[in-house]
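Structural overview for review
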Amino acid sequence: MNSDGKLDLVVSCGRTRTVLVLPGKGDGQFGAPLSSTTLPNSPGEMALGDLNGDGKLDVAVASHDSYGVMLLIGDGKGGLALAPTSPIVMKLGQHPHTHGLAVADINRDNKLDLITCNSSDNDISVALGAGHGNFTRAPQSYPVGPSPYPFGVGDVNNDGWLDIVATATATGPLRRQQLPFSRALTLLLSDGKGGFKTHQLPIRTGEPWFAAIGDFNGDGKADIVATHHEQSAMTLMIGDGRGGFTEAPSSPFNFGVSLFHLIVTDVNRDDKMDVVAVSGDSVLVLLGDGRGGLTSTASIPVGRGAWRIAAADLNADGRIDVVTSNAESNSVSVLLGK
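This text gives an overview of the structure that appears in the document. Predicted, not measured: the structure shown is a model, and the values here were computed from it.

**Details of the environment of Thr198**
The residue Thr198 is located in strand E17 (residues 196-202) in this model. Judged by its relative accessible area of 40%, Thr198 is partly exposed. Residues Thr198 and Ile164 lie 34 residues apart in sequence; the distance between their C-alpha atoms is 9.6 Å.

As structure tokens, then:
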């Protein structure tokens, strides 16, 4: 965030409606905030990228109770300023309830676009970027399962276009009626024009919560992993490289705790994809065997209210490190990889 070649932390603080930039020292330690930016709405989901084409990192911020995405333009020195085009209204509706945000180039014009998940409306919205901090809302949102949470983005059918995998927690006011429709993931396959075609992926366990994409069996084709709402289960869907998926024979895995947000990465440098997930007050490390199997190897205590997780090499030692945001203890935890 401050162009010194060392990774920094960007932290959203809901109660104070601020976003902080903490400078990294390059050894896994972080200094006092370089900036504290006050927002008109309480920040929730965040995503980083160069949103205005100036070569400096910016921050997109969604608010839980708004359809708008706030754009914070970075100055390359750790400072952020609210863009004059903010907020980007992702859709028009009556029940704003944003539970997911991503920044990605979905129409391959080399300009970043915005994707949001509307949990009460059961759909995904898209706004296409013009490259200068301006965005145009897509003419339609895309229906998915009931009460979706943060989604996965990746090319699941090897056509060079980014696709979206959405979940379905069925946690809305019509929960009883929605539960029968929660036993599936929704796959939005890119149509190559910035739009998507919808496909349902049935799964054995209902209420998928968070989803991520990675290759778990080493065949070069994208697979999908998902946690489940307040259940100690994790689903693994094996991809055929054409947009088709079959649940792995050993899925769902049961690791004894309810898992929330998860990240797919190679934590032990064996060229096999692993999973790192948060579980309220701990981080669970699940090692992949390269054949579609996952084994729990470590549960590491962190602060209370650890819902979200980020992974990167924070101390330049070639190993993956992990950061959690701990909503109930007003802190972040930094775990350095061994």
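Now, onward.
**Focus on the side chain of Asp58**
Positionally, Asp58 belongs in strand E5 (residues 58-62). Here Asp58 sits buried without a salt bridge, and the closest side chain of opposite charge, Lys56, lies 8.5 Å off (N-O distance). Those residues within four positions of Asp58 in sequence are excluded, and the remaining contacts are Ala47, Leu48, Gly49, Asp50, Leu51, Asn52, Leu72, Ile73 and Gly74.

**Quick word on the sheet that holds strand E2 (residues 18-22)**
Taken in spatial order, the three strands make up an open sheet running E1-E2-E3, and their pairing is antiparallel. The sheet is open, and its two edges are formed by strand E1 (9-13) and strand E3 (35-38), each paired on a single side. Geometrically, the sheet is characterised by an average inter-axis angle of 20 degrees between neighbouring strands, direction not taken into account.

**As for the nonpolar core**
Val225, Met234, Phe255, Leu262, Val275, Leu286 and Leu294 are the most contacted members of the largest nonpolar core, which has 30 residues in total. For this core, the secondary-structure elements that each account for two or more residues are strand E18 (208-214), strand E20 (231-239), strand E22 (262-265), strand E23 (274-278), strand E24 (280-288) and strand E25 (294-312). Among all residues touching Leu294, those that are not within four sequence positions of it are Phe216, Met234, Phe253, Phe255, Val275, Leu286, Leu287 and Gly288. Formed by 15 residues, the second largest nonpolar core is a distinct cluster that contains Val144, Phe151, Ile164 and Phe196.

**Focus on unusual backbone geometry**
Between Ser86 and Pro87 the backbone carries a cis peptide bond, its omega angle lying at -5 degrees. Note the cis peptide between Ser251 and Pro252, where omega equals 0 degrees. Mapped onto the fold, Pro252 is located in the loop between strand E21 (245-247) and E22. Here Asn122, not a glycine, exhibits a phi torsion of approximately 60 degrees, which is positive.

**Regarding the environment of Ser251**
Mapped onto the secondary structure, Ser251 falls in the loop between E21 and E22. Sequence separation of Ser251 and Leu112 is 139 residues, and the distance between their C-alpha atoms is 35 Å. Within the local environment of Ser251, its side chain forms a polar contact with the backbone nitrogen of Leu236, the two atoms lying 3.0 Å apart.

**Quick notes on the side chain of Asn2**
Take Asn2: it is sitting in the segment before E1. Take Asn2: its relative accessible area is 18%, and that puts it in the buried class. Discounting chain neighbours no more than four positions away, the residues touching Asn2 are Asp8, Pro23, Leu34, Gly76, Lys77 and Gly78.

Definitions and limits used
- Residues numbered from 1 in each chain as written.
- Predicted model: local features only at pLDDT ≥ 70, side-chain atom pairs only at ≥ 80, totals over all residues.
- Heavy atoms only, no water.
- Helix = DSSP H or I, 4+ residues; strand = E, 2+ residues; numbered from the N terminus.
- Buried < 20%, exposed > 50% of the residue type's maximum accessible area, 1.4 Å probe, protein only.
- Lys, Arg positive; Asp, Glu negative; His and termini not counted.
- Salt bridge = Lys/Arg side-chain N within 4 Å of Asp/Glu carboxyl O.
- Contact = heavy atoms within 4.5 Å.
- Pairing = 2+ DSSP bridges.
- Axes fitted to C-alpha atoms, helices over the stretch in contact; angles between N-to-C directions.
- Core = buried A, V, L, I, M, F, W, Y, C linked by side-chain atoms within 4.5 Å.
- Polar contact = N/O pair within 3.5 Å; in protein donor to acceptor, adjacent residues only side chain to side chain.

That's the geometry; what it means functionally is another story.
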